[in-house]
Amino acid sequence: MYKFAVRKQKPKTFLLLLFSVTLFSIVLGFLISLKWGQAVISWRTLFEAVTYQGQEKEHLYIQTLRMPRILTAFVIGIHMSLAGLLTQMITRNPIASPHIFGINAGASLSVVIGLIMFSNFSLTTSIYFAFIGAALGALLVISLAGIQQKQHVQLALAGIAVHFLLSSITEGLIIMNQYSTDSMMFWLVGAVDQAGWLEIKTILPWFTIGIVLFLFMLPSFKLLLLDDDVAVGLGQRILFVKLIGMLIVVILAGSAVATCGPISFVGLLVPHIARSLVGSKLGMLVPLTGLFGGMLLVYADFLSRFIAFPYESPVGILTAVIGGPFFIYLARKKGASPS
Amino acid sequence: MKRLMVFLFSFLLMVIFSLVSLSVGSVSISIPDLWSSLLHKDTPFSFIIWEYRLPRVVISILAGFGLAVAGVILQSLVRNPLASPDVIGLTKGAGFFAAVVIFLFPGAPSFVLPAAALAGAFLVFILLLLFSRGFTLSPGATALVGIALGAIFQSGIQYLLIKYPTNINMVLLWMSGSLWGRGWSEVLSSFPWIIILLPIAWSQYPKLNIFQLGDEYSKTLGLDLIRQRFWLLLLSVSLAGVSVATVGSIGFIGLIAPHIARQLVGGRHQLLIPLAAIIGANVMLIADSIGRVIIIPREVPVGVMTAVIGAPYFVYLLRKEYKRNR
């Protein structure tokens, strides 16, 4: 069984430094993403645009394209990484993530079904579709592998089998329905480049609900770190806590997938990095995971503009390239333990 | 006796489904016509039968054999009923190489595509070997590393898809697996391999039976674990690789067929391997036939149909697991 490493309390100065460096990097990431891209903007124009002083073409470019896009990347990063952290806590399994849990694939399938069935398919409805799909995907995997399951390999295999099942149906739908194949493919990899202020407005309520619920449940989630028996002994309704946890995961991951497509591996990678820095103390771990997730996606989005410059590449490719090898590293570490 | 009946029945089903697959399609052919066209070469339908449908049926059967047996071997090696060639990344690796050929060398001769797919499957095998600690291919690590490799190759495929959107449909078609446009040349290129590999796979049944018991028992019973795992995995990769190279990355045959077979005859591989092969062929034939008639004149790719057929079985499987876990 996997136990989260119990680490010594880190000194306060270290934490302070860590958080300030993170915040600084986030601000820096915002700035460079605003400045560089297909069109290079001068610092002066950038400043004017951000403070809404100019009405030139370049100002509008920043205001209507780059700003919402970067904000979306940040928000989606928070969503995905917190969803990942929560799935890892609920299943007590280091390789759990929305991707492995069939949540991303389920949400994508139901969004694609919605796109094909209804011609006027708005983003708001697609979020509800994504919730249903995400919940169904998670349900499939849980019933195949069991939520109390402590076997990493079983969960991974069940999750990936469900993932393949759902995504091959999605692919089939796309092949049969030849309208807008390109844009759908782009979306299926996970991309933030199409995001505008509308996307931000739509996802913001779910962001708030998800985060507030998460913080509200934080004291109960602390008991997820213990053994189930111990938690029950302490008077926790463990199943109820896990259910609420899954609900939060579905809200966070589902709304993210509906907005930007299934961006993979952020949910797997980020919680591990954060945990290796501050240990498993939730009061530190949760905010740091969120910030790291946002930061990672802002930088990944920035880099993804240059993969096939001057064309955009979806950010999901980059996160997969970063996250895949990390998964192999985890697999080598955990796969050696008896399955 | 019951086992014999099971074999007879599933073999009969295979024959029936082959005939059905020969007769349905955008031009449907009645059974008497079918019979006379098979016997004499000069009826109006004989061209369709001999040049289009018969090779498809043969390929369906061969690919079904290959994928199902590859699945049986993998499930015993990983000791988990949810393992299959697509789950451990073989089909994605093959798919990535196929996509590279389709996109970057569009003028390449037709034999390059399957060769590249085969190379991709073997690359995954080599990577699995390299990333498992000390070349041991321990079951857990193999499964997890395979999943990760699959995800990486998947993102590679997606990158190519987005970079070169002109050939997108061809790649998607290949990716989900299709029998469209397969003829005798494909049969000729895959037939020898499958025919050679299948008996070899069957002859390994004593080792596979022991493998199921677990590492400790296998060692005690005198099995050279690491070496045997290497050869068996190589066998499984070759079978899956040849099949995928011929028909594209069709999923779920390697997962479902071994399951159904295990339900019918239990876990002894001397029976399991042949039955799984026949059932794999059956599933392929059914999926292909349905895919051809569901929206005439277009075709639903057979890989999509196997997923759609696989879904209900999956739910059934999951209910059983759920009951067992309780």
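Computed from a predicted structure; not experimentally measured.

### Digging into the overall build of chain A
No. 1: Along chain A, the regular secondary structure elements total 13 helices and 0 strands.
No. 2: Going from the N terminus to the C terminus, chain A shows its helices and strands as α-α-α-α-α-α-α-α-α-α-α-α-α.
No. 3: The C-alpha radius of gyration of chain A comes to 20 Å, within 12% of the 20 Å expected for a compact globule of 339 residues.
No. 4: Principal axes of the C-alpha set define a box for chain A whose edges measure 65 × 55 × 35 Å.
No. 5: Every one of the 339 residues in chain A was classed for burial, and the buried ones make up 63%.

### Some points on the environment of Ser26 of chain B
All names here are of chain B.
No. 1: Tracing the backbone through its elements, the reader meets Ser26 in the loop between helix H1 (2–23) and helix H2 (31–39).
No. 2: On the basis of relative accessibility, which here comes to 53%, the residue Ser26 falls in the exposed class.
No. 3: C-alpha of Ser26 to C-alpha of Ala70: the two residues are 44 residues apart in sequence and 33 Å apart in space.

### Here's the deal with the packing of aromatic side chains
Residue and element names in this part refer to chain A.
No. 1: Scanning the entire structure with this criterion turns up 14 aromatic pairs over all chains.
No. 2: Ring centres of Tyr128 and Phe131 lie 6.4 Å apart, and the angle between their planes is 80°; this geometry places the pair in the edge-to-face category. Of this pair, Tyr128 and Phe131 both sit in helix H5 (residues 123–145), 3 residues apart, which is roughly one turn of that helix.
No. 3: Centroid distance Phe302 to Phe306: 5.3 Å. Interplanar angle 75°. Geometry classified as edge-to-face.
No. 4: Sitting over the ring of Trp36, Lys35 keeps its end group 5.1 Å from the ring centre.
No. 5: The ring of Trp43 carries Lys35 above its face, with NZ or CZ at 4.9 Å from the centroid.

### Thoughts on a nonpolar patch on the surface
Residues and elements named next belong to chain A.
No. 1: A contiguous nonpolar patch, built from Val27, Leu31, Trp36, Val40, Trp43, Phe306 and Phe309 and spanning about 660 Å² of accessible area, is present on the exposed surface.
No. 2: Along the chain, Trp36 falls in the loop between helix H1 (12–35) and helix H2 (43–50).
No. 3: What makes Trp36 partly exposed here is its relative accessible area of 34%.

### Here's the deal with the side chain of Thr306 of chain B
No. 1: Note that Thr306 of chain B resides in helix H14 (residues 302–325).
No. 2: Beyond its immediate chain neighbours, meaning those up to four positions away, Thr306 of chain B contacts Ile250, Gly251, Phe252, Ile253 and Ala287 of chain B.

### Some details on the confidence of the model for chain B
All names here are of chain B.
No. 1: Residue-level pLDDT values for chain B average 83, and 96% of them are 70 or greater.
No. 2: Per-element mean pLDDT across chain B ranges from 73 in helix H7 (residues 168–176) up to 91 in helix H13 (residues 269–293).
No. 3: Among the prediction metrics, the complex's ipTM stands at 0.78, with pTM recorded as 0.82.

### A closer look at the pattern of salt bridges
No. 1: A complete count under the given rule lists 4 salt bridges over all chains for this structure.
No. 2: Between Asp288 of chain B and Arg56 of chain B there is a salt bridge; the shortest N-O distance is 2.7 Å. On the criterion of sequence distance, the pair formed by Asp288 of chain B in helix H13 and Arg56 of chain B in helix H3 (residues 46–78) is long-range, its members being 232 residues apart.
No. 3: The residue Arg292 of chain B makes a salt bridge to Asp288 of chain B at a minimum N-O spacing of 3.2 Å. With Arg292 of chain B and Asp288 of chain B both in helix H13 and 4 residues apart, the pair spans about one turn of that helix. The pair formed by Arg292 of chain B and Asp288 of chain B is uniform in burial state, with each residue classed as buried.
No. 4: Here the residues in one salt-bridge network are Arg69, Asp301 and Arg305 of chain A, joined through shared partners.

### Considerations on the environment of Leu288 of chain A
No. 1: Along the chain, Leu288 of chain A falls in helix H12 (residues 282–304).
No. 2: For Leu288 of chain A, a relative accessible area of 0% corresponds to the buried category.

### Description of the interface of chain B and chain A
No. 1: Taken residue by residue, the interface counts 51 residues in chain B and 48 residues in chain A.
No. 2: Summing both sides of the interface, chain B and chain A together bury roughly 4300 Å²; the carbon and sulfur share of this comes to 76%.
No. 3: Taken together, chain B and chain A are joined by 0 salt bridges.
No. 4: In this assembly, chain B and chain A are joined by 0 residue pairs in polar contact (both at pLDDT 80 or more).
No. 5: If you list the elements that add at least two residues to the side of chain B that touches chain A, you get helix H5 (112–131), helix H6 (139–163), H7 and H14 of chain B.

### Structural notes on the environment of Leu137 of chain B
Residue and element names in this part refer to chain B.
No. 1: When you line up the elements, Leu137 lands in the loop between H5 and H6.
No. 2: Given a relative accessible area of 3%, Leu137 falls into the buried group.
No. 3: Residues Leu137 and Phe230 lie 93 residues apart in sequence; the distance between their C-alpha atoms is 7.3 Å.
No. 4: Not counting residues within four places of it along the chain, the set of residues in contact with Leu137 comprises Leu128, Leu129, Ser132, Thr142, Arg229, Phe230 and Leu233.

About the criteria used
- Residues numbered from 1 in each chain as written.
- Chains lettered and ligands numbered in written order.
- Predicted model: local features only at pLDDT ≥ 70, side-chain atom pairs only at ≥ 80, totals over all residues.
- Heavy atoms only, no water.
- Helix = DSSP H or I, 4+ residues; strand = E, 2+ residues; numbered from the N terminus.
- Rg over C-alpha atoms; globule rule 2.2 N^0.38 Å.
- Buried < 20%, exposed > 50% of the residue type's maximum accessible area, 1.4 Å probe, protein only.
- Phe/Tyr/Trp six-rings, centres within 6.5 Å; stacked < 30°, edge-to-face > 60°.
- Lys NZ or Arg CZ within 6 Å of the ring centre and 35° of its normal.
- Patch = residues over 30% accessible without salt bridge, like charges linked within 9 Å, V, L, I, M, F, W, Y side chains within 5 Å.
- Areas by Shrake-Rupley, 256 points an atom, 1.4 Å probe, with all protein chains shown as cover.
- Salt bridge = Lys/Arg side-chain N within 4 Å of Asp/Glu carboxyl O.
- Contact = heavy atoms within 4.5 Å.
- pLDDT = per-residue confidence, 0-100.
- Buried area = accessible area lost by both parts, 1.4 Å probe.
- Polar contact = N/O pair within 3.5 Å; in protein donor to acceptor, adjacent residues only side chain to side chain.

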